[in-house]
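Each chain is listed here by its residues.
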Amino acid sequence: MKQKLVSCFVAMSMCGFLIPFPSADNMSMSNPVIKNNSDNKTHTSDNSTDNSLLIDNNTPVQISVREDTKFLKEKFGSCFSVGTCVSPHELDTGSEFILNHFNSITPENELKPDTILNQQASELYGNNVNTQVFFNDNVRKTLKFCEDNNIPLRGHTFVWHSQTPDWFFKENFRYDGADVTPEIMNQRLENFIKNTFELLATDFPNLKVYAYDVCNELFENNGGGFRKPGSNNLSMGKSYWTKIYSDDSFVINAFTYARKYAPKDCKLYINDFNEYIPAKTNDIYNMAMKLKDLGLIDGIGMQSHLDTSYPDIKTYENALNKFISTGLDVQITELDITCTDFAVQGKYFKDIFTLAAKNAEHISSFTLWGTHDSISWRNYSNPLLFGANYSEKEAYKQVMSITNADIK
Ligand code: 9MR
């Protein structure tokens, strides 16, 4: 990241986009440099307003947006990486578009438990705890695309109530088994995480996995803490994790194992949706702080599945500020905005990008949940920046119209 900032800075100077910045001396007088424990940026100590990043030799890099580019990753190049989720079939036709606009990719479904957990091999392994994983051709297609094109990957996800088969929680990895004990589940969880990172490293040695959603969607929406125990496959919204565990040890353990087996420069996140509902914001905040105190977490992922009617930007900003107040990194991980009116949607997209850019010293990555409306999981309400055949929507135009005056 620091290298990226330096080269971005150099590129900006060459293109005439150099914005004046204070000297390192001035900077260190007023804003002593601290390293956030989650950091892939160096932050100033006062959560400040001065809107700059510092690189290792204390040279400040001013956060700015480029006003002369049509590509998202260049527009916000000095703020954060800009990502999209990708499904393998899109790579047949959309790879050039993706390469132009994005410098981060999240596999949309390809690293989820139900895709990579291998029931037969886990059962055949025979010791009841060595969870086996595999990558099918689809999974490999996305990973290889990232590796071949040097696009850093956001991994998504290990602990999730959804898209996780019930056999994973049962004796002998069989649907007809009884529920396992937390002690057995700990070993399965550790092996799941270990074997996934090992397979990534072995089969994709040049792939940079820079972030991982270790736990996804842990909480109820109403501040009621963890999801209720049960099988999401039988009763939507319930969690097998809380059926096996009566406390938060599965979360602590997941982060402990991820810390142990993830590449050293891979940052670890807790990720959730409806994260802007204040009661839920608090639950996420409290869990993140506990993990931070244990030194296990690097950041909080705000999924950001929004609608133009809810939440309003202020509610969203309040949640962002609360997450920033942890001192952890924040990533926007799955942004889309459903709407009935493209002009209103455009304004909302602009507001969210502007807010994020203003807070860029705390936000390392900003991911849209897809490239264009027709392939979105919410395609019925056109939630993305581009329309059919990657046509530029009002939302895209609004986002690209953001100026440096807007993010002051
Ligand atoms: O976009 C994903 C869609 O293709 C899947 O059918 C769906 C199934 O759960 O998951 C979608 O991605 C979800 C993400 O993994 C977690 N946050 C909510 C996303 C949208 O449902």
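Throughout what follows, the structure given in this document is the object of discussion. Every value quoted in this text rests on a predicted model; they were computed, and no experiment measured them.

Focus: the overall build of the chain
In terms of regular secondary structure, the chain is built from 14 helices and 15 strands. Per-residue burial for the chain yields a buried fraction of 59% across its 408 residues. Across the chain, the fraction of contacts at a sequence separation of at least 24, relative to all contacts at a separation of at least 6, is 72%. If you sum the accessible surface of the chain, you get close to 16,000 Å²; carbon and sulfur atoms cover 51% of it.

Side note on the packing of helix α10 (residues 249-261) against helix α11 (residues 278-293)
In the contact formed by α10 and α11, the axes pass within 11 Å of each other and the chain directions differ by 45°. Overall, the two elements α10 and α11 adopt an arrangement that is oblique. In this structure, the crossing between α10 and α11 has a hand that is right-handed. Counting all contacts with α10, which are made through Val251, Ile252 and Phe255, the residues of α11 involved are Met287, Lys290 and Leu291.

A closer look at the site of the ligand
Around the ligand, the structure places 13 residues, and the nearest of them are Glu108, Lys112, His156, Gln163 and Glu334. Between the ligand and Trp369 there is a distance of 2.9 Å, counted from an oxygen atom to a side-chain nitrogen or oxygen. Its free accessible area being 450 Å², the ligand has 75% of it covered by the protein chains. For the shell around the ligand, the residue count by class is three nonpolar, six polar and four charged.

Here's the deal with helix α13 (residues 342-358)
Taking 1.5 Å per residue as the helical rise, α13 with its 17 residues ought to reach 24 Å, and the 24 Å between its terminal C-alpha atoms agrees with that figure. Looking at α13, one finds that the buried residues are Gln345, Gly346, Tyr348, Phe349, Lys350, Ile352, Phe353, Thr354, Leu355, Ala356 and Ala357. Summarising the contacts, the buried residues of α13 are in contact with β11 (305-307), α12 (313-324), β12 (329-338), β13 (363-368) and α14 (394-400). Two or three places before Ala343, at the opening of α13, Asp341 has a side-chain oxygen 2.8 Å from that residue's backbone nitrogen.

Brief notes about the nonpolar core
Core analysis: the biggest nonpolar cluster contains 104 residues, and Leu72, Phe76, Phe255, Ile270, Leu335, Phe353 and Leu385 have the highest contact counts within it. Here Leu385 is in contact with Leu72, Phe349, Phe353, Leu368, Thr371, Ser391, Glu392, Lys393, Ala395, Tyr396 and Val399, once residues within four sequence places are set aside.

Some thoughts on the packing of aromatic side chains
Within the structure shown, the criterion is met by 26 aromatic pairs. Note on Trp241 and Phe250: the rings are 6.0 Å apart at their centroids and 10° apart in plane angle, and the pair reads as stacked. For Trp241, a relative accessible area of 1% gives the class buried. For the pair Phe386 and Tyr396, a centre-to-centre distance of 4.8 Å together with 40° between the ring planes defines the contact as tilted. Note that Phe386 is positioned in strand β14 (residues 386-387) and Tyr396 in helix α14, a separation of 10 residues in sequence. The same class applies to Phe386 and to Tyr396, which are both buried. Across from the ring centre of Phe173, 3.7 Å away, lies the NZ or CZ of Arg188, which sits over that ring. Here the guanidinium or amino end of Lys322 rests over the ring plane of Tyr285, the centre of that ring lying 4.3 Å away.

Points about the pattern of salt bridges
One pass over the full model with this rule turns up 19 salt bridges. Residue Lys141 is joined to Asp92 by a salt bridge in which the shortest nitrogen-to-oxygen separation is 2.7 Å. With Lys141 in helix α7 (residues 137-148) and Asp92 in helix α4 (residues 91-101), this pair connects stretches of sequence that are 49 residues apart. Owing to a relative accessible area of 30%, Lys141 belongs among the partly exposed residues under this scheme. For Asp92, a relative accessible area of 56% puts it in the exposed group. Among the charged side chains, a salt-bridge network with shared partners connects Glu123, Arg174 and Asp176.

Observations regarding the packing of α4 against α7
For any two helices packed against each other, one specifies the inter-axial angle together with the distance between the axes. In the contact formed by α4 and α7, the axes pass within 12 Å of each other and the chain directions differ by 30°. Judged on the interaxial angle alone, α7 and α4 are roughly parallel. Considering the relative orientation of α4 and α7, their crossing is right-handed. For the pair formed by α4 and α7, the contact residues are Leu91, Asp92, Ser95, Ile98 and Leu99 on the first element and Lys141, Thr142 and Phe145 on the second.

A closer look at the side chain of Asn128
Following the sequence through the fold, Asn128 ends up in the loop between α6 (119-125) and α7. For Asn128, the side chain forms a polar contact with the main-chain nitrogen of Asn172, separated by 2.7 Å. Of note is the side chain of Asn128, whose polar atom sits 2.7 Å from the side chain of Arg188. When sequence neighbours within four positions are dropped, the list of residues in contact with Asn128 reads Glu171, Asn172, Phe173, Ile184 and Arg188.

Some points on empty space enclosed by the protein
Scanning the entire structure with this criterion turns up three cavities of 30 Å³ or more. Volume-wise, the largest cavity comes out at about 60 Å³. Taken together, Val159, Trp160, His161, Asn216, Glu217, Leu218, Arg227, Ser239, Trp241, Thr242 and Phe250 form the lining of the largest cavity. Contributions of two or more residues to the lining of the largest cavity are made by β7 (153-160) and α9 (240-244). For the lining of the largest cavity, the residue count by class is five nonpolar, four polar and two charged.

How each quantity is defined
- Residues numbered from 1 in each chain as written.
- Predicted model: local features only at pLDDT ≥ 70, side-chain atom pairs only at ≥ 80, totals over all residues.
- Heavy atoms only, no water.
- Helix = DSSP H or I, 4+ residues; strand = E, 2+ residues; numbered from the N terminus.
- Buried < 20%, exposed > 50% of the residue type's maximum accessible area, 1.4 Å probe, protein only.
- Contact = heavy atoms within 4.5 Å.
- Areas by Shrake-Rupley, 256 points an atom, 1.4 Å probe, with all protein chains shown as cover.
- Axes fitted to C-alpha atoms, helices over the stretch in contact; angles between N-to-C directions.
- Parallel < 35°, antiparallel > 145°, perpendicular 65-115°, else oblique.
- Left-handed = near helix turned anticlockwise from the far one by under 90°.
- Near = heavy atom within 4 Å.
- Polar contact = N/O pair within 3.5 Å; in protein donor to acceptor, adjacent residues only side chain to side chain.
- Nonpolar A, V, L, I, M, F, W, Y, C, P; charged D, E, K, R; others polar.
- Expected span 1.5 Å × (residues − 1).
- Core = buried A, V, L, I, M, F, W, Y, C linked by side-chain atoms within 4.5 Å.
- Phe/Tyr/Trp six-rings, centres within 6.5 Å; stacked < 30°, edge-to-face > 60°.
- Lys NZ or Arg CZ within 6 Å of the ring centre and 35° of its normal.
- Salt bridge = Lys/Arg side-chain N within 4 Å of Asp/Glu carboxyl O.
- 1 Å grid on protein atoms, 1.4 Å probe; cavity = no way out; pocket = protein on both sides within 12 Å on 5 of 7 lines; lining within 4 Å.
- Points joined across faces, edges and corners; volume = space filled by probe spheres on them.

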